[in-house]
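The lines below spell out each chain.
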Amino acid sequence: MKNEFKATIERDDGWYIAFCDEIPGANGQGRTADEALDSLDEAIALLLEDRRN
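Residues numbered from 1 in each chain as written. Predicted model: local features only at pLDDT ≥ 70, side-chain atom pairs only at ≥ 80, totals over all residues. Heavy atoms only, no water.

Caption draft 1: Expanded view of the overall build of the chain. Along the backbone of the chain there are one helix and three strands. Computed over the C-alpha atoms, the radius of gyration of the chain is 11 Å, within 12% of the 10 Å expected from 2.2 N^0.38 for a compact globule of 53 residues. Judged by the C-alpha coordinates and their principal axes, the chain covers about 35 × 20 × 15 Å. Pairs at least 24 residues apart make up 19% of the contacts formed inside the chain by residues separated by at least 6 positions. Summing over all exposed atoms, the chain offers an accessible surface of approximately 4200 Å²; the carbon and sulfur share of this is 45%. Computing the positive centroid from 6 side-chain charges and the negative centroid from 13, the chain places the two 2 Å apart. (Helix = DSSP H or I, 4+ residues; strand = E, 2+ residues; numbered from the N terminus. Rg over C-alpha atoms; globule rule 2.2 N^0.38 Å. Contact = heavy atoms within 4.5 Å. Areas by Shrake-Rupley, 256 points an atom, 1.4 Å probe, with all protein chains shown as cover. Lys, Arg positive; Asp, Glu negative; His and termini not counted. Charge placed at Lys NZ, Arg CZ, Asp CG, Glu CD.)

Caption draft 2: Structural view of helix α1 (residues 33-52). Counted at 1.5 Å a residue, the expected span for α1 with its 20 residues is 28 Å, and the 29 Å between its end C-alpha atoms agrees. Those residues of α1 not exposed but buried are A36, L40, A43, I44 and L48. End-on view of α1: buried residues confined to an arc of 130 degrees, all on one side of the axis. In α1, the exposed positions angled more than 90 degrees off the buried face are occupied by D34, E42, L46, D50 and R52. Looking at the buried residues of α1, the elements they touch are β2 (15-19) and β3 (27-30). (Expected span 1.5 Å × (residues − 1). Buried < 20%, exposed > 50% of the residue type's maximum accessible area, 1.4 Å probe, protein only. Arc of directions from axis to C-beta.)

Caption draft 3: Focus on the nonpolar core. Judged by nonpolar contacts, A18, C20, I23, A26, A36, L40, I44 and L48 together constitute the single largest core of eight residues. Looking at this core element by element, the count peaks at four residues for α1. Ignoring any residue separated from it by four or fewer positions in sequence, one finds L48 in contact with N3, F5 and I23. (Core = buried A, V, L, I, M, F, W, Y, C linked by side-chain atoms within 4.5 Å.)

And the structure:
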């Protein structure tokens, strides 16, 4: 099953911050936008897995 969520990416002092309003607590960061999105993907997967248990 594949889920799709909207991600917001902001730049802050050389870092990219990604978050998803649809899943409280889902945040990611990285030196590039792609790294921030990858980090956010991991955070979302962990949060959804935890909520299923």
